[in-house]
Structures are given as structure tokens and as C-alpha cells.
Amino acid sequence: MHIRKLLACGLLATSTLLAACATTTRWDKDYAKAPEPVKTDWDLTKQRCTGCHSLERVFLQLNLAKDRGDVEWMVQDMAAHPGSGIRQSEIQPITDTLDWHRTQ
Ligand code: HEC
């Protein structure tokens, strides 16, 4: 693991974020094979979707998604949480990034 990432995880070590830090790298190898801009937007997705829970939760739900619409609904629903930090302009790139994985 990169040293700066380790440091960031250490500094922000609440129990939730610790869980998030432990699991965010699991899908990195899949996204290393993704085309642009999915590959780049994976970093944004990890940032935006690990503030309140781990990515485990996201990918569990992703297994149940039938189409892109399901994925978009999930991202919009999360963006609507108070303090989510997810901008309207980020909904599309995050949806595309998660939907890419669904179709692999
Ligand atoms: C502001 C905090 C917050 C952020 C940021 C956040 N979530 Fe959530 N998420 C929650 C809460 C709270 C729940 C549980 C209650 C609920 O389902 O709304 C949850 C639950 C979930 C679930 C489980 C839903 C289910 O039916 O079991 C999924 C999937 C999910 N989030 C995906 C995401 C994705 C994708 C992102 C990034 C776009 C994200 N979350 C970012 C707060 C957040």
C-alpha cells in the first residue's frame, strides 16, 4: 500500500473509515483494466462512496442491479443523504464507473 494512503487511513481512523480503508483496494485490480475515463473516475468513486460505509456494501448491491438505471438510482439515493459530499455533476461519472464493473 502506498505510504500516503496509509497515513491518510491512520489519521482518519474512526471505526467506519478503518473498515473502508481495509476494503477499498479489493477492486483496484479490476479497475486497472478499465478504459478511460472509468479508470480515473474509480478514485473519485472510492472517495465519495467510503465516507459512511465500506465498498463491500456497494458491490453487494451492485450484484443485484439489473441495469444502469438501478445503479444510477443507488448513486442518486446516496447523493441525497445530508452531507454526502457527492455533487450533481459527479453522479454520472460514479454511475458509469460502477456500471462498468456490473457489466464485466
Ligand atoms: C453521507 C453518508 C453516505 C455516503 C457518502 C454514501 N452512503 Fe451509501 N449508505 C448510507 C447510509 C446511511 C446507508 C444505510 C441506509 C440507507 O440505505 O439509506 C447506506 C446504504 C448504502 C447501500 C445499501 C442499500 C441497501 O438497500 O442495502 C448501498 C448500495 C450504498 N449505500 C451505496 C453507496 C454508494 C454507491 C455511494 C457513493 C456514490 C454511497 N453509498 C455513499 C450513507 C452514505
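Cut-offs applied
- Residues numbered from 1 in each chain as written.
- Predicted model: local features only at pLDDT ≥ 70, side-chain atom pairs only at ≥ 80, totals over all residues.
- Near = placed C-beta within 6 Å.
- Helix = DSSP H or I, 4+ residues; strand = E, 2+ residues; numbered from the N terminus.
- Nonpolar A, V, L, I, M, F, W, Y, C, P; charged D, E, K, R; others polar.
- Buried ≥ 20, exposed ≤ 12 C-beta atoms within 10 Å, placed from the backbone.
- Contact = placed C-beta atoms within 7 Å.

Looking at the ligand, there are 16 residues lining it, with C49, C52, Q61, M78 and H81 nearest. Broken down by secondary-structure element, the contributors of at least two residues to the shell around the ligand are helix 4 (38–49), helix 5 (55–62) and helix 6 (68–79). Residues that form the shell around the ligand fall into these classes: 8 nonpolar, 6 polar and 2 charged.

Attention now moves to the environment of W42. The topology assignment puts W42 in helix 4. Judged by the 23 C-beta atoms lying within 10 Å of it, W42 falls in the buried class. It is 8.4 Å that separates the C-alpha atoms of W42 and D28, two residues lying 14 residues apart in sequence. Residues contacting W42, with those up to four places away along its chain left out, are Y31, A34 and T97.

Here we take up the environment of E56. Along the chain, E56 falls in helix 5. C-alpha separation for the pair E56 and W27, spaced 29 residues apart in sequence, amounts to 10.0 Å.

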